[in-house]
Structure formats: C-alpha cells, structure tokens
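A structural walkthrough
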Amino acid sequence: MTANIEKSVSTGRHFIGGHWLGPASRTFASASPANAKEQIGAFPHGTKEDADQAVAAARVAFPAWRRQSRIRRAELFDNLAQIVKRETDALAHLMARECGKVITECRAEVVEGLHMIQYVFGTGRMPMGDVLSSEIPEKDAFMRRKPWGVAAVITPWNFPFAVPLWMLGPSLLEGNTAIYKPSEDTPAIGQRLVELFEEAGFPPGVVNLVHGEGEVGEALVKNPGVNVVLFTGSYDVGRHIQELSASMYDRIVACEMGSKSAVIVCEDARLDLAVTCGLISAFKTSGQRCVSAGRILVHEKLFDKFAEKLVQTAKRIRIGNPLDSANFTGPVINPGAVEKILRYNDLAKKEGANILLEGGRMSGDGHAAGNFLSPFIYRQTHKTGGPRTIREEVFGPHLALIPFKSNEEAVQIYNDTEYGLSMAVITEDFRKMRYFRDECEYGMGYVNLPCIGAEVHLPFGGVKKSGNGHPSAAGLIEAVTHKTAWTVNHAEEVKMAQGLTTQL
Ligand code: UN1
C-alpha cells in the first residue's frame with residue numbers, strides 16, 4: 001500500500017476539469033525535512049495560465065454542481081470517508097515523510113480530516129437555513145443559504161490534509177466548486193487528497209488542483225472568477241490577499257493567519273497538568289502549529305517549580321525520525337525555517353533573556369541530514385512594547401516563560417501581541433477561568449488543556465492579526481454561502497407587511 005502511494009505521487013500533475021495534466025517540463029522537488037536526500041517527488045511549477053484554466057473549469061462545473069441535491073453532494077463525502085479509512089496508514093506515512101511530523105501526529109491529522117468529511121456527510125441532512133415568522137399569517141418566510149460560486153483554497157504545509165478538508169468540505173457541500181493550491185512544501189499529500197476526491201466520484205471540475213508557489217496563489221486571487229478565497233498561512237500573505245481582493249465587489253476572503261498563542265498557569269494550577277499542557281502546547285509539531293504556544297505565563301509563586309519541572313521534562317523529549325512512533329516530534333519543515341528560528345533564539349539572548357534550556361541545531365546521528373532543532377526555553381520579563389521574542393510569531397521550538405503577579409497583569413501580557421488565536425488557562429478556580437475567558441483576545445480558549453487540539457465541529461479562527469472573522473472548519477459554512485430571504489404568500493390577494501396598503 002505504502003509503496004503504491006509513494007509511486008502514485010512521484011510525478012506531480014495538475015488536475016483541471018477532471019484531467020490530470022503533464023508531466024510538466026518545469027518542476028520543483030519535494031524533499032523530506034528529515035533527510036534532504038530523500039525526494040518525495042517532482043511537481044509542476046504552476047503558472048498564471050494554469051490557475052486561470054482551473055478557475056474556468058471550476059466555473060463551468062459550478063451550475064450543475066449547485067443544482068444537485070445537497071444530500072447527494074453530501075453522500076459523495078461518505079464515499080470519501082470510506083476511502084480515507086482504507087488509506088489512513090498510507091496517508092499518515094506519506095505525510096510523515098513529506099512534512100516531517102511524527103507518524104502518530106500524522107495519523108491523528110488523517111483522523112481529523114476524516115472527521116471533517118463525516119461532519120459534512122452528516123450536515124447534508126441537517127437544516128440549511130431557518131424558518132422565520134411573518135407579520136402576515138398567510139406568508140411563509142425563510143432564510144436559505146446559497147453558494148457563492150468558486151472558491152480558491154490556499155493551504156499551509158503543517159496540516160496538509162485536515163486544513164484543506166476544513167475548507168473543501170463545507171465549500172463543496174454547499175454547492176461551490178474549488179481550486180486547491182497545496183503548499184509547495186507538501187504537494188504530494190495535497191495531490192493524494194485530490195486523487196481520493198476523484199475516486200470518491202466528485203464530478204470533473206468540482207475540485208481542481210494547481211501546484212506551485214506564490215505565482216499561482218496570486219493568479220487565483222487576482223482572477224475575478226473566484227468568489228471566495230480561503231487561506232491559512234502567514235499574516236503578510238493574508239494581508240496581501242485581502243488587499244488584492246478589496247477592489248472586487250463579489251469577493252469573500254477568509255484568512256487564518258499567525259499567532260503568539262499562550263498558556264496561562266495560575267497560582268492554584270495543578271503542577272503536573274500544567275507542565276503537560278505547556279509542553280504539548282509548545283513543542284508538539286516542533287512548535288509549528290498556528291496554535292502552538294510561544295509563551296507560557298506563570299504566576300510568580302509557582303514559577304520556579306514549574307520552570308524546573310518543565311525544563312527537566314523537555315530535556316527528555318525524543319526528537320527524531322518522523323516514522324518512529326516513539327518520537328515526540330520530528331524536524332522543522334525546511335532550512336529556511338531553521339535559520340529563522342535560530343535568529344529568534346539569538347535575538348532572545350540579545351534581549352536579555354535568561355536561558356533555561358539552550359536549544360538549537362541537532363547534528364548528531366540520525367539528525368545531521370535533516371532540519372532538527374531541540375527546544376529553546378528562556379525566562380523573559382514582560383514590558384509593554386518590550387522584547388520582540390515574546391510578541392512575534394517564531395513557529396518553532398522556541399518558548400518564553402514569563403512570570404506574572406496578578407490576573408490583571410497576566411491578561412495585559414497575554415494581549416500585548418498583535419495576534420489573538422489560541423489561549424489556555426490552567427486553574428482550579430472557576431472565577432479566574434471566567435475572568436480570562438472574558439478579558440483575553442483569542443479565537444479558541446481552553447481550560448486545563450493545551451492550547452492546541454481543536455475539534456472540527458467547532459469554529460477555528462482568531463482575532464487581530466490572526467484572523468479576519470471567518471473561521472475555518474465547521475465555522476466556514478458562513479463564509480462559503482450567502483443568506484437569502486425567501487417569502488411566499490399563500491393568500492389569494494396581496495397583503496403587505498408594515499400595514500402598507502395595496503389599493504391600486
Ligand atoms: C494549525 O494550528 O495550523 O487545533 C491547525 C489544533 C489542530 C489544528 C491545528 N486541530 O491543534
């Protein structure tokens with residue numbers, strides 16, 4: 001099974017209007033982050049022409065797709081669910097090789113993608129609007145949803161299976177068609193997902209795939225045939241997409257961008273639980289989730305005990321081959337990410353951090369050929385507008401422990417960043433929990449849990465630089481549809497609301 005998967009993606013192709021195109025003459029390579037010599041495949045450098053062709057194919061497919069019964073569309077997701085169950089191990093294996101996440105995490109991600117597919121299948125038979133009352137007894141009024149049309153789905157490498165499904169699932173269920181551009185770091189798993197959509201019986205043109213880098217994303221965003229852009233990635237790219245879209249009258253942009261998420265450990269926290277939540281939040285996926293905690297705010301009375309236990313446990317974390325399920329985490333995605341994270345480690349020192357665990361490049365046996373980094377942990381004191389490393393996103397195993405004296409100060413520190421995605425509070429006190437719930441700026445909040453690990457039937461998104469108010473996953477149905485009011489008169493004469501007369 002695994003051998004087939006590896007073979008089936010070794011030649012990358014675009015998928016447009018139901019046709020696999022290529023192989024292309026200009027390609028880029030996908031290599032394993034755990035071993036630069038291990039090539040996963042060669043993928044076409046998509047161009048503006050490819051993007052425009054894919055938009056045209058999606059537009060052609062849209063009318064017939066939206067006219068299908070919503071339940072029939074949902075049933076194709078049941079086919080897809082069966083296929084994903086059959087392929088779970090192979091998908092997890094390919095993902096581990098291509099994006100470097102450990103196999104246990106990759107398996108959980110395939111399951112997360114499956115959950116979205118199952119959610120969509122179930123939602124097909126659920127209400128798609130509301131029945132509303134009218135001033136006139138003979139009138140029936142409804143809110144009904146309609147699809148916008150064509151969605152461009154631009155996704156990151158760190159969740160290369162679940163995040164595209166968060167976006168494609170609700171979009172297609174509601175009758176939109178789509179062009180999917182996977183990250184250039186994970187084209188193989190992206191292509192495999194589209195192969196599964198084809199096998200599940202989705203009609204030609206409903207899901208199109210264009211590989212490539214920024215040029216393709218830009219062409220999709222500039223194409224007025226795209227009604228909705230669904231994007232997860234960096235703030236800079238998200239802002240650029242919003243700027244390009246601003247002049248289009250018929251354009252919705254749903255962005256999920258960066259974060260500087262945090263765990264807040266209160267004075268009354270259970271120590272073991274707090275340490276587990278802190279480590280999972282900061283170092284699962286090597287700190288490369290959008291929701292990863294770059295900061296743990298710790299009450300000063302618990303600080304020393306907490307820091308000691310966290311650092312001791314962090315030293316024991318196993319980092320290595322993503323295919324070895326005994327490892328806690330694997331490499332970071334690419335050499336550029338290594339350089340960026342190391343620059344932030346250096347910056348923390350320049351900014352006067354007290355280093356508690358000196359992390360950095362791992363170059364020993366089993367690590368030298370890949371992008372392996374060990375955790376870097378430091379104590380830093382908050383000052384408004386102060387140290388950059390406790391306010392800016394690093395996206396790697398780089399963690400600041402920040403002491404606080406009062407709940408008010410903790411909120412002030414938590415909110416002193418331009419981001420607002422995810423937050424966890426560790427406390428046994430329901431009053432503190434409620435205070436942080438109401439005063440912190442975030443999209444996903446947790447109590448006595450890590451600040452990662454959301455489930456698909458919840459909305460996923462943030463505030464400030466983290467998101468523009470259109471969450472992903474189940475919350476996306478709002479962004480990929482528009483609401484219509486539909487009113488039917490059952491009387492034989494015309495009766496108007498607001499007492500308007502009908503005399504001619
Ligand atoms: C991401 O952070 O990029 O909440 C997505 C989580 C996962 C999804 C993360 N369910 O940690």
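So, here is what we can say about the structure in this document. (Residues numbered from 1 in each chain as written. Predicted model: local features only at pLDDT ≥ 70, side-chain atom pairs only at ≥ 80, totals over all residues. Heavy atoms only, no water.)

Around the ligand sit Glu112, Asn158, Phe159, Trp166, Arg289, Cys290, Val291, Ile452, Gly453, Ala454 and Phe460, and that is every residue in its neighbourhood. Note that an oxygen atom of the ligand is positioned 3.1 Å from one of the side-chain N or O atoms of Asn158. Gly453 is positioned such that a nitrogen or oxygen atom in its backbone is 2.7 Å from an oxygen atom of the ligand. In isolation the ligand has 320 Å² of accessible area, and contact with the protein removes 99% of it. Its atoms largely coinciding with the cavity grid, the ligand occupies the largest cavity. Domain assignment of the residues forming the shell around the ligand places at least three in each of domain 1 (2-257 + 467-485) and domain 2 (261-447). (Near = heavy atom within 4 Å. Polar contact = N/O pair within 3.5 Å; in protein donor to acceptor, adjacent residues only side chain to side chain. Areas by Shrake-Rupley, 256 points an atom, 1.4 Å probe, with all protein chains shown as cover. 1 Å grid on protein atoms, 1.4 Å probe; cavity = no way out; pocket = protein on both sides within 12 Å on 5 of 7 lines; lining within 4 Å. Sits in = over half its atoms within 2 Å of the grid points. Domains from an automatic or database assignment.)

Below, the discussion takes up helix H2 (residues 48-67). End to end, H2 covers 30 Å across 20 residues, agreeing with the expected 28 Å (1.5 Å per residue, within 8%). Ala61 marks the point of greatest bend in H2, at about 40°, and the proline Pro63 comes within the next four residues. When H2 is considered as a whole, its buried residues turn out to be Asp50, Ala51, Ala54, Val55, Ala57, Ala58, Ala61, Phe62 and Trp65. (Helix = DSSP H or I, 4+ residues; strand = E, 2+ residues; numbered from the N terminus. Expected span 1.5 Å × (residues − 1). Bend = angle between axes of the 7 residues up to and from the residue. Buried < 20%, exposed > 50% of the residue type's maximum accessible area, 1.4 Å probe, protein only.)

The next subject is the pairing of strand E8 (residues 177-181). Summarising burial for E8: five of the five residues are buried, a large majority. Burial along E8 is two-sided: Thr177, Ile179 and Lys181 and Ala178 and Tyr180, pointing in opposite directions, are all buried. Looking at chain direction, strand E7 (residues 150-154) and E8 are connected through five bridges and run parallel. Counterpart to Ala151 in the pairing with E8 is Ala178. As a crossover connection, the stretch from E7 through helix H5 (residues 162-173) into E8 is right-handed. In this sheet, strand E9 (residues 207-209) lies alongside E8 in parallel orientation, the contact comprising three bridges. What sits directly across from Ala178, in E9, is Val207. (Pairing = 2+ DSSP bridges. Right-handed = clockwise from strand over helix to strand, strands pointing away.)

Quick look at empty space enclosed by the protein now. Applying the stated criterion across every chain, the model contains five cavities of 30 Å³ or more. Approximately 130 Å³ is the volume found for the largest cavity. As for the largest cavity, its lining consists of 14 residues, and the residues nearest its centre are Phe159, Trp166, Arg289, Val291 and Phe460. A class-by-class count of the residues in the lining of the largest cavity yields eight nonpolar, three polar and three charged. When residues of the lining of the largest cavity are assigned to domains, at least three map to each of domain 1 (2-257 + 467-485) and domain 2 (261-447). Approximately 110 Å³ is the volume found for the second largest cavity. Around the second largest cavity, the lining is made up of 15 residues, and of these Gly287, Ser292, Ala293, Gly294 and Phe395 lie nearest the centre. (Points joined across faces, edges and corners; volume = space filled by probe spheres on them. Nonpolar A, V, L, I, M, F, W, Y, C, P; charged D, E, K, R; others polar.)

As a further point, take the packing of aromatic side chains. Pairs of aromatic rings are described using the distance from one ring centre to the other and the angle between the two planes. The tally for this structure, following the rule as stated, stands at 10 aromatic pairs. With centroids separated by 4.3 Å and ring planes inclined at 35°, the aromatic side chains of Phe15 and Trp20 adopt a geometry described as tilted. Ring centres of Tyr435 and Phe436 lie 5.6 Å apart, and the angle between their planes is 70°; on these two criteria the pair is classed as edge-to-face. Using a relative accessible area of 0% as the deciding quantity, one classes Phe436 as buried. Put simply, the rings of Trp65, Phe77, Phe197 and Phe202 touch in pairs and so form one group of aromatic residues. (Phe/Tyr/Trp six-rings, centres within 6.5 Å; stacked < 30°, edge-to-face > 60°.)

Attention shifts here to the packing of H2 against helix H7 (residues 214-222). Packing of H2 against H7 brings their axes to within 8 Å, and their N-to-C directions diverge by 40°. With respect to H7, the element H2 is oriented oblique. As H2 runs across H7, the sense of the crossing is right-handed. Here Lys48, Ala51, Asp52 and Val55 of H2 come into contact with H7, specifically with Glu215, Val216, Ala219 and Leu220. Among the residues making up the contact of H2 with H7, the classes are represented as five nonpolar, no polar and three charged. (Axes fitted to C-alpha atoms, helices over the stretch in contact; angles between N-to-C directions. Parallel < 35°, antiparallel > 145°, perpendicular 65-115°, else oblique. Left-handed = near helix turned anticlockwise from the far one by under 90°. Contact = heavy atoms within 4.5 Å.)

Further remarks concern the pattern of salt bridges. Inspection of every chain in the model, using the stated rule, returns 29 salt bridges. Between Lys495 and Glu138 there is a salt bridge, and its shortest N-O distance comes to 2.9 Å. Here Glu138 lies in the loop between strand E5 (129-132) and strand E6 (139-147) and Lys495 lies in the segment after strand E23 (481-489), a separation of 357 residues in the sequence. Lys495 gets classed as partly exposed once you look at its relative accessible area, which sits at 30%. Put simply, Arg86, Glu87, Arg192, Glu195 and Glu199 are held in one network by salt bridges that share partners. (Salt bridge = Lys/Arg side-chain N within 4 Å of Asp/Glu carboxyl O.)

Attention now goes to the sheet that holds strand E12 (residues 261-265). In a beta sheet, neighbouring strands pair by backbone hydrogen bonds and run either parallel or antiparallel. Sheet architecture is open: seven strands sit in the order E14-E15-E16-E13-E12-E18-E19, paired in mixed fashion. Of all the strands in the sheet, just strand E14 (354-357) and strand E19 (444-447) have a single pairing partner and so form its edges. For this sheet, the mean inter-axis angle between neighbouring strands, taken without regard to orientation, is 20°. Pairing between E14 and strand E15 (residues 376-379): three bridges, direction antiparallel. Bridging across to E15, Asn354 finds its partner in Arg379. Strand contacts of helix H10 (residues 303-316): E12, strand E13 (293-299), E14, E15 and strand E16 (398-404), with the helix running at about 165° to E16, the strand carrying the most contacts.

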